[in-house]
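Structural features, examined
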Amino acid sequence: MDVRKIYKLSPTKCRIIECLLNYRALTTYQIYFLIESSSIPLTFPHYTWEQVKVSKVRSLWNQLSQLHKNGLVTVAGKHPDNEQRVFCLTEEGLSVAYTLLDIPQIEGYQRTGWEGDHGYFPYALYRPPKERLLRHHLLGIDFNVLLELLAIKHNFHFDFIDNRYSAVSYSTLDESSGKEIERIFRPDGEFIIKTRDGQQRFHCWVEFDMGTEKGSHLYEKFSRYKQYLEYMSLSIDRKSLAASIPNTIFFVTTAKSSIWSRWQNVLRNFLNAIGSWSTYLNLYVGNIESLERLILSHINQDLMFKNKLNRNLRQLLEDPKFIGQPKPSQRLYQGSLVSSFCVLYDHEIRYLGWNPYFTVTQIDSQSHQIYLYVKYEEYETGGISKAIDFARKFMNIDSMKRIGAKEVIPVLVYSEKRPVVLDFMGCNEKREFDIIFDKYLWHDVDANRWYDKNGNEINIYKMNPLTWYVLGRT
């Protein structure tokens, strides 16, 4: 007999059960937002009673009450911030969920978790976290609700798997014993964003942070990432790696006014642990309130460089007083968009491990400066890491030797909001950081505004930023 008839399950009750299967433990409001994603307030995670459809929320309460009475749902605890009850499936409810979704209840039935491709987990693995860990779990749920809202606002598709699906085994060399050992790599989850036209796909890991993990625990967490990346690179070359696994971590923290101090601790331990993988794996740190800007910056980075920055640089490169590269003749760029960036040869890119965006400014007939453009949205590591990496290696690159490249000037490219500070406390690479970031510029790519390292705006109609340091400025 159909379980829908046995338990008198309406379509809404079935959707509640599926939500609780996917997310393990939810408040009534979280269930409401996940079922009625078009009703998520634009101010989420902040909202008031007036911003929700009261009749639908009350209906969900009644449905949950009936599911509770029928033994399919129970209360896992209370939200630590607002005392809302947190619901989860009972063991019987989990079995009903598997039956509703045609999931074989067979030990070892493993699936990917993507696009509703559910695997089987016994109740001991499904069981929601204990009450002391509920805050961490519910932060992950709020992250999912926010991404559902952003998917609607910005017209992309979003999918998520938690650590039941993202956990994988790998082998690594144990330093103390010198033997190969098996370990589990277990990020808090993964998510994929796809553009609606199917042309772009962004695959990221995610970590949820309560601000309580000490430096040693953060170092150990990021060391696991390094070990896993090294393990994966044994069978996949680095260039192809991003097509198989994520190349980005979103570190979602509860920190609000103290986010800068949390960032310093996370940044220090990430860079000290991740080593040479810092140019492959970009880390963003943000709270729920700042995530929209970071997500959009991440998925629009190609547009940022290949369109906006490319266009902004053209007028500077075509300045008659500018001497450097690239500077194509008029016939090359009429009627088409020409790259404003110089390029390395394929073997040089392989040596570097990534493909840089840069221009060249002549100092004199024998020497040049390299203006290296890297994305930096305040709390992200990729741009800093790439600048340090390029500064370490550029003297060994044939193209750089031929033009007499003498120094690298990082240009920190951002959109909308200029980062408040650029600091690099306590990292193993502090010395390299201080050397390379002795000279740098800021560029607001949206407004096409340039600033010196102290935040003073450069008038591009009087002074070409690409020659800013030719005159010996510090």
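In case you missed it, the structure is sitting above this.
Here goes a summary of the coordinates provided. (Residues numbered from 1 in each chain as written. Predicted model: local features only at pLDDT ≥ 70, side-chain atom pairs only at ≥ 80, totals over all residues. Heavy atoms only, no water.)

What to know about helix α3 (residues 28-35)
A large share of α3 lies buried, amounting to 8 of its 8 residues. Taken as a whole, α3 has its buried residues at Thr 28, Tyr 29, Gln 30, Ile 31, Tyr 32, Phe 33, Leu 34 and Ile 35. (Buried < 20%, exposed > 50% of the residue type's maximum accessible area, 1.4 Å probe, protein only. Helix = DSSP H or I, 4+ residues; strand = E, 2+ residues; numbered from the N terminus.)

A short note on the pairing of strand β7 (residues 189-195)
Among the 7 residues in β7, 5 count as buried, and that is most of the element. Summarising the sheet, strand β4 (residues 156-162) and β7 pair through 7 bridges and their orientation is antiparallel. Opposite Phe 156, over in β7, you have Thr 195 as the bridge partner. For β7 and strand β8 (residues 201-209), the ladder comprises 6 bridges, and the chain directions are antiparallel. Paired with Glu 190 across the two strands is Trp 205, which belongs to β8. Taken together, β7 and the strand that follows it, β8, pair antiparallel across an intervening segment of 5 residues, in which Gly 198 is found at a positive phi of about 75°. (Pairing = 2+ DSSP bridges.)

Quick word on the sheet that holds strand β17 (residues 457-458)
The strand order across the open sheet formed by 7 strands is β11-β12-β13-β14-β15-β16-β17, and the pairing between neighbours is mixed. A strand with exactly one partner marks an edge of an open sheet, and here the two such strands are β11 (324-325) and β17. Contacting β11, β12 (357-364), β13 (367-375), β14 (405-414), β15 (441-444) and β16 (449-452), helix α13 (residues 301-317) runs over the sheet at an angle of about 145° to β13. Across the sheet, helix α16 (residues 382-393) is in contact with β13 and β14; its angle to β13 comes to roughly 155°. (Contact = heavy atoms within 4.5 Å. Axes fitted to C-alpha atoms, helices over the stretch in contact; angles between N-to-C directions.)

A closer look at the nonpolar core
Core analysis: the biggest nonpolar cluster contains 74 residues, and Leu 9, Ile 17, Leu 89, Phe 143, Phe 191, Ile 193 and Phe 250 have the highest contact counts within it. With 11 residues, the single largest contributor to this core is helix α7 (residues 134-154). Every residue in contact with Phe 143, bar those within four places of it in the chain, is listed here: Phe 160, Phe 191, Val 206, Phe 208, Val 252, Ile 288 and Leu 291. Ranked by size, the runner-up nonpolar core spans 59 residues in total, among them Leu 229, Phe 358, Tyr 414 and Ile 436. (Core = buried A, V, L, I, M, F, W, Y, C linked by side-chain atoms within 4.5 Å.)

A few points about the packing of aromatic side chains
Applying the stated criterion across every chain yields a total of 38 aromatic pairs. Plain terms: the ring middles of Phe 33 and Phe 44 are 5.7 Å apart, the flat faces sit at 80° to each other, and that makes the pair edge-to-face. Separated by 11 residues along the polypeptide, Phe 33 in helix α3 and Phe 44 in the loop between α3 and α4 (54-69) bring together distant segments of the chain. Under the relative-accessibility criterion, Phe 44 is labelled buried at 7%. These aromatic residues form a ring-pair network of at least three members: Tyr 170, Phe 185, Trp 205, Phe 222, Tyr 225, Tyr 228, Tyr 231, Phe 251 and Phe 270. The cationic tip of Lys 393 hangs over the ring face of Tyr 351; the distance from NZ or CZ to the ring centre is 5.9 Å. Across the ring face of Trp 442, the terminal group of Arg 418 is positioned such that the distance to the ring centre comes to 6.0 Å. (Phe/Tyr/Trp six-rings, centres within 6.5 Å; stacked < 30°, edge-to-face > 60°. Lys NZ or Arg CZ within 6 Å of the ring centre and 35° of its normal.)

Some details on the packing of α3 against α7
Two elements in contact, α3 and α7, have axes separated by 10 Å at closest approach and are oriented at 25°. As the angle between them shows, α3 and α7 are arranged roughly parallel. In the packing of α3 onto α7, the handedness of the crossing is left-handed. Residues Gln 30, Phe 33 and Leu 34 of α3 lie in contact with α7, whose contacting residues are Leu 138, Ile 141, Asp 142, Val 145 and Glu 148. When grouped by side-chain class, the residues that make up the contact of α3 with α7 number 5 nonpolar, 1 polar and 2 charged. (Parallel < 35°, antiparallel > 145°, perpendicular 65-115°, else oblique. Left-handed = near helix turned anticlockwise from the far one by under 90°. Nonpolar A, V, L, I, M, F, W, Y, C, P; charged D, E, K, R; others polar.)

Digging into the side chain of Glu 377
Within the secondary structure, Glu 377 sits in the loop between β13 and α16. On the basis of relative accessibility, which here comes to 1%, the residue Glu 377 falls in the buried class. Here the side chain of Glu 377 touches Ser 415 through a polar contact of 2.9 Å, side chain to side chain. Apart from the residues lying within four places of it in its own chain, the contact partners of Glu 377 are Arg 293, Leu 294, Ser 297, Met 304, Tyr 414, Ser 415, Lys 417 and Pro 419. (Polar contact = N/O pair within 3.5 Å; in protein donor to acceptor, adjacent residues only side chain to side chain.)

Taken by themselves, the reported measurements are silent on function.
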